[in-house]
Amino acid sequence: MQGTLTTAYLPDLLRTIYTQRRTGVLILTQGDVRKQVFFELGQIVFASSTRNEDRLGETLVRHGKLSREQLTAFLDSLESGQHLGNALVERDFLNNRELISYVNFQIIDIIYSLFSWTTGAYEFAQGEEYMAPEDLKLKFSTATVILEGVRRIEDYEVIRRGLGDLNRLIIPTEFPLLRLQTIVLKPV
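Residues numbered from 1 in each chain as written. Predicted model: local features only at pLDDT ≥ 70, side-chain atom pairs only at ≥ 80, totals over all residues. Heavy atoms only, no water.

1. Some thoughts on the packing of helix H5 (residues 96–114) against helix H6 (residues 142–151)
Helix packing for two helices is described by the angle between their axes and how far apart those axes are.
Argument step 1. One can describe the packing of H5 onto H6 by two numbers: an axis separation of 9 Å at closest approach and a directional angle of 55°. Between H5 and H6, the crossing angle belongs to the class labelled oblique. Considering how the two elements wind past one another, H5 and H6 form a crossing that is right-handed. In contact with Ile108, Ile111 and Tyr112 of H5, H6 contributes Thr144, Val145, Glu148 and Gly149.
Argument step 2. Across the contact of H5 with H6, the residue classes tally to 4 nonpolar, 2 polar and 1 charged. (Axes fitted to C-alpha atoms, helices over the stretch in contact; angles between N-to-C directions. Helix = DSSP H or I, 4+ residues; strand = E, 2+ residues; numbered from the N terminus. Parallel < 35°, antiparallel > 145°, perpendicular 65-115°, else oblique. Left-handed = near helix turned anticlockwise from the far one by under 90°. Contact = heavy atoms within 4.5 Å. Nonpolar A, V, L, I, M, F, W, Y, C, P; charged D, E, K, R; others polar.)

Spelled out as structure tokens, the structure:
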């Protein structure tokens, strides 16, 4: 499965991977930016990005846990090969539960940023050799991610293209996997 985002839509790609219960990595590129979303049996378990803005430290700054100065100091003090998250836990700046929460925020931010992409290329590499490392895996509801990602799309033309023919009859799906979803809805 590969192509361009000018002809395929991210929600459709995610739905296909989910309904076909695929294991592997969806690789999306736009210029020199590369983002990857890892799946196990159709469930999102991890995401990564080459953008500096998508790194854990930037996530901690965005969410107000670290100041820019604190982040710079922590990064300068890291030993070769040491991960920022582990260093923050070792220095009692974060506990393990907080680290997992911020990694969740980081992954979700990476995934949601992809919903605004209307250009670029994608490729799905299938197989267990493309699985995320065990110590990095988290569990996300793919259906909830799709719903929230679509809700965040601001470009009406992207929404319109994704909806397709507005005159078609809408009926409940016959596909059991899509009918028996747990989706977290917001009051709005």
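Here the narrative resumes.
2. Observations concerning the packing of aromatic side chains
Two descriptors summarise a pair of aromatic rings, namely the distance from one centre to the other and the angle between the planes of the rings.
Argument step 1. Tallied over the entire structure, the rule returns 5 aromatic pairs.
Argument step 2. Relative to Phe115, the ring of Tyr112 lies with its centre 6.3 Å away and its plane at 55°, an arrangement referred to as tilted. Each member of the pair, Tyr112 together with Phe115, is buried.
Argument step 3. Positioned above the aromatic ring of Phe93 is the side chain of Lys65, whose terminal nitrogen or guanidinium carbon lies 5.9 Å from the ring centre. (Phe/Tyr/Trp six-rings, centres within 6.5 Å; stacked < 30°, edge-to-face > 60°. Buried < 20%, exposed > 50% of the residue type's maximum accessible area, 1.4 Å probe, protein only. Lys NZ or Arg CZ within 6 Å of the ring centre and 35° of its normal.)

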